[in-house]
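# Remarks on the overall topology
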Amino acid sequence: QVQLVESGGGLVQAGGSLRLSCAASGRTFSDYAMGWFRQAPGKPREFVAAISWSGGSTVYADSAKGRFTISRDNAKNAVYLQMNFLSPTDTAVYFCAGSTSHYGSAASYEYPYWGQGTQVTVSS
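As a starting point, this report considers the structure included with it. Just so we're clear, the structure is a prediction, and the values are computed from it rather than from any experiment.

## A word on the side chain of T118
Along the chain, the position of T118 falls in strand β11 (residues 118-123). Residue classification places T118 among the buried residues on the basis of a relative accessible area of 11%. In contact with T118, other than residues within four places in its own chain, are E6, S7, G8, G9, L20, A92, V93 and Y94.

Set out below in structure tokens:
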């Protein structure tokens, strides 16, 4: 079975940073895009960032541009999300997602594989 496990979430003060990690197993994602989504209470899941199979291209939500950086290590079958200058509006459960496409996009339907999420809470 395919499993994606996020880690690195927690409580951080506004302006602080967190680095989320996602470890995948059961499927090698080295040829496929991966992404991060998040869901705040009472809101639908939204796109955060995606990275292509090689890491050569990335795409970010407007809310993430300039603050978040997605990266991957295909040797470890892992993807990361470095989050800087966090604000309370970033508070959400963050989900790692694996695609069956080579290039990342903001479309959730291109990601059949999902982790269970890791909580990020940013205090003011």
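Still to come is the rest of the account.
## Examining the sheet that holds strand β3 (residues 18-25)
Taken in spatial order, the 4 strands of this open sheet run β1-β3-β8-β7, and their pairing is antiparallel. Every other strand in the sheet has two partners, leaving β1 (3-7) and β7 (68-73) as the edge strands with one partner each. Going from strand to strand, the sheet's axes swing by 15° on average, the running direction of each strand aside. As paired strands, β3 and strand β8 (residues 78-83) are joined by 6 bridges and run antiparallel to one another. Following the sheet pairing, C22 is matched in β8 by V79.

Conventions adopted
Residues numbered from 1 in each chain as written. Predicted model: local features only at pLDDT ≥ 70, side-chain atom pairs only at ≥ 80, totals over all residues. Heavy atoms only, no water. Helix = DSSP H or I, 4+ residues; strand = E, 2+ residues; numbered from the N terminus. Buried < 20%, exposed > 50% of the residue type's maximum accessible area, 1.4 Å probe, protein only. Contact = heavy atoms within 4.5 Å. Pairing = 2+ DSSP bridges. Axes fitted to C-alpha atoms, helices over the stretch in contact; angles between N-to-C directions.

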